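Per-entry structural report
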Amino acid sequence: MRKMKALFLCIGLVSSFGAMDDKHPDLVQELLDKMILDLSEVELHEGFHDYVIVQFTICDQQIDIHSIEGSNQEVIEAVQIKMNRLEIHADHREDKVYNFKFTFEKQ
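Residues numbered from 1 in each chain as written. Predicted model: local features only at pLDDT ≥ 70, side-chain atom pairs only at ≥ 80, totals over all residues. Heavy atoms only, no water.

Topic: the confidence of the model for the protein chain
Residues shown with low pLDDT carry predicted positions that ought not to be read at fine detail. When pLDDT is averaged along the protein chain, the result is 78, and 76% of the positions lie at 70 or above. Averaged pLDDT values for the elements of the protein chain fall to 38 in strand β2 (residues 11–13) and rise to 96 in strand β5 (residues 62–70). Counting contacts from residues 1–21, a segment whose pLDDT is below 50, to residues more than four positions away or on other chains yields 73 contacts. (pLDDT = per-residue confidence, 0-100. Helix = DSSP H or I, 4+ residues; strand = E, 2+ residues; numbered from the N terminus. Contact = heavy atoms within 4.5 Å.)

Here's what the structure looks like:
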């Protein structure tokens, strides 16, 4: 593992649990724009991208995380803290469980 200067990139991928589709591109973009993390003090695995998989719903513009897992506990905690602080303004459905896989790489 190697310490990195800064890590910012996250890419949301959707699983078949349904929730993201072509009807919510603004939500995908809003999450990508807002999920910028400073992981400069986090040691990541060498040779593969660390990831975090999150299942969540959105109610009253707030994210409610149902489950979260990933390859690095420090990254998981950073994603969870960031998502809990977000206010979502993009179109979304409150009855839908969204599934995102965030992957991170050095920049």
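Next comes the rest of the description.
Focus: the packing of aromatic side chains
Enumeration according to the criterion identifies three aromatic pairs in this entry. Each ring, one from phenylalanine 56 and one from tyrosine 98, has its centre 5.7 Å from the other, and the planes form 25 degrees; the classification is stacked. Remark: tyrosine 98 occurs in strand β6 (residues 98–104) and phenylalanine 56 occurs in strand β4 (residues 50–59); sequence separation between them is 42 residues. Tyrosine 98 matches phenylalanine 56 in its accessibility class, with the two residues each being buried. For the pair phenylalanine 56 and phenylalanine 100, a centre-to-centre distance of 6.0 Å together with 50 degrees between the ring planes defines the contact as tilted. Highlighted residues: phenylalanine 56 in strand β4 and phenylalanine 100 in strand β6, separated in sequence by 44 residues. The pair phenylalanine 56 / phenylalanine 100 is uniform in exposure class, with both members buried. Among the aromatic side chains, those forming a connected cluster through ring pairs are Phe56, Tyr98, Phe100 and Phe102. In this structure, lysine 101 packs its charged tip against the face of tyrosine 51, placed 5.1 Å from the ring centre. (Phe/Tyr/Trp six-rings, centres within 6.5 Å; stacked < 30°, edge-to-face > 60°. Buried < 20%, exposed > 50% of the residue type's maximum accessible area, 1.4 Å probe, protein only. Lys NZ or Arg CZ within 6 Å of the ring centre and 35° of its normal.)

A word on the pairing of β6
By the criterion of burial, β6 is predominantly enclosed, with six of the seven residues buried. In the sheet, β4 pairs with β6 via seven bridges, with the strands oriented antiparallel. Within β6, the residue paired with tyrosine 51 across the bridge is threonine 103. (Pairing = 2+ DSSP bridges.)

Points about the nonpolar core
Of all hydrophobic cores here, the largest spans 25 residues; its most connected members are Phe56, Ile63, Val79 and Met83. Contributions of two or more residues to this core are made by α1 (25–34), β4, β5, α2 (73–85) and β6. The element that contributes the greatest number of residues to this core is α2, accounting for five residues. Setting aside chain neighbours within four positions, we find valine 79 in contact with Met35, Leu37, Val52, Val54, Ile68, Phe102 and Phe104. (Core = buried A, V, L, I, M, F, W, Y, C linked by side-chain atoms within 4.5 Å.)

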